[in-house]
Amino acid sequence: MEKKFLTYNLEVDGLWQEVKFSVETIDKIFMPFLHELTDLKMTLDRKVIAYLVAPPGAGKSILAKFLEQLSRERSKEVEVIRALSMDGFHYTAAYMNVTTIERDGEQILMRDVKGAPETFDMDLLIDKIREARQEGTNWNVYDRKIHDVLPDYWSVEDDIILLEGNYLLLRDSGWTNVRVLADYSVFIEAEPQLLRERLINRHVAGGKSREAAEAFYNFSDSKNIERVIKNSARANETWKLLPDGDYERR
């Protein structure tokens, strides 16, 4: 049977994007997930922190925003969730322009591998997640129009928070302290070749030449994808990104 898709316009990181998801995926994957978070809040009788984790290029930011919108549309059935991103916890552009990290035995500027786990302020992220679970907090965002962090941009007092990011389930030293803060988690699988094309096309759309986009993918993106796929802990649920941009539950 041919899929029936619904189309939505969503604002993500300051940019409007058109996305589509199938009715079947909404009914059989997304809504049961929202019901799970609703039930979890009632069971724990406190605020809930859920993670949506995926390798770069898998569409997690758009998906998280859509799940928030879906929860608002179906608020008679489920609790409304708040979608947040860990991208606002990149170090600032000014900091990354002058700070180096080691990569393959050489010291390189953070800006050259922007998006790698080392380019995030992990300690600040941990503090903010803990605050969000307790009394609430102000949340950093990443604005793709200026390509930089906007500190304390959103006030967050919500009872169910869906935090999306690449590295939230990493087993690497230090990131374990992030991973243990989740009450529930979803991991998105995707074929590396599909991620490659999506990321290169994204870089080209952002102004890079095809050659520059491929070079950045080979130098940075590909390593981040491998790290997420090979070194993320098991999530409560796993969804797979399909070539048409839809998802299936594994």
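Residues numbered from 1 in each chain as written. Predicted model: local features only at pLDDT ≥ 70, side-chain atom pairs only at ≥ 80, totals over all residues. Heavy atoms only, no water.

J.: For this particular structure, what's the right way to read the pattern of salt bridges?
T.: Working definition: two side chains of opposite charge can pair if their charged atoms are close together. In this structure the tally under the stated criterion is 21 salt bridges. D172 serves as the salt-bridge partner of R227, at 2.8 Å between the closest nitrogen and oxygen. A residue pair is termed long-range when its members are at least 10 positions apart, and R227 in helix 7 (residues 210–231) and D172 in the loop between strand 9 (160–165) and helix 5 (176–179) qualify at 55 residues. We note a salt bridge from E237 to R249, for which the minimum N-O separation is 3.7 Å. Taken together, the residues span a long stretch of sequence, with E237 in strand 11 (residues 237–241) and R249 in strand 12 (residues 247–249) at a distance of 12 residues. (Salt bridge = Lys/Arg side-chain N within 4 Å of Asp/Glu carboxyl O. Helix = DSSP H or I, 4+ residues; strand = E, 2+ residues; numbered from the N terminus.)

J.: I keep staring at the packing of helix 6 (residues 192–205) against helix 7 and nothing clicks. Help me out?
T.: Closest axis-to-axis distance for the helix 6/helix 7 pair is 9 Å, and the angle between their directions is 135 degrees. When the interaxial angle is binned, helix 6 and helix 7 end up oblique. In this structure, helix 6 crosses over helix 7, and the sense of that crossing is right-handed. Note on element contacts: helix 7 touches helix 6 through R210, A213, E214, F216, Y217, D221, I225 and I229, opposite P192, L195, R196, E197, L199, I200, N201, H203 and V204. (Axes fitted to C-alpha atoms, helices over the stretch in contact; angles between N-to-C directions. Parallel < 35°, antiparallel > 145°, perpendicular 65-115°, else oblique. Left-handed = near helix turned anticlockwise from the far one by under 90°. Contact = heavy atoms within 4.5 Å.)

J.: How should helix 1 (residues 23–44) be read in this particular structure?
T.: Across its 22 residues, helix 1 extends 31 Å between first and last C-alpha, which sits within 8% of the 32 Å expected from 1.5 Å per residue. If you look at helix 1, its biggest bend is around 30 degrees, right at F30, and the proline P32 turns up within four residues after that. Immediately beyond the C-terminal end of helix 1, within one or two residues, lies D45, with a positive phi of roughly 55 degrees. (Expected span 1.5 Å × (residues − 1). Bend = angle between axes of the 7 residues up to and from the residue.)

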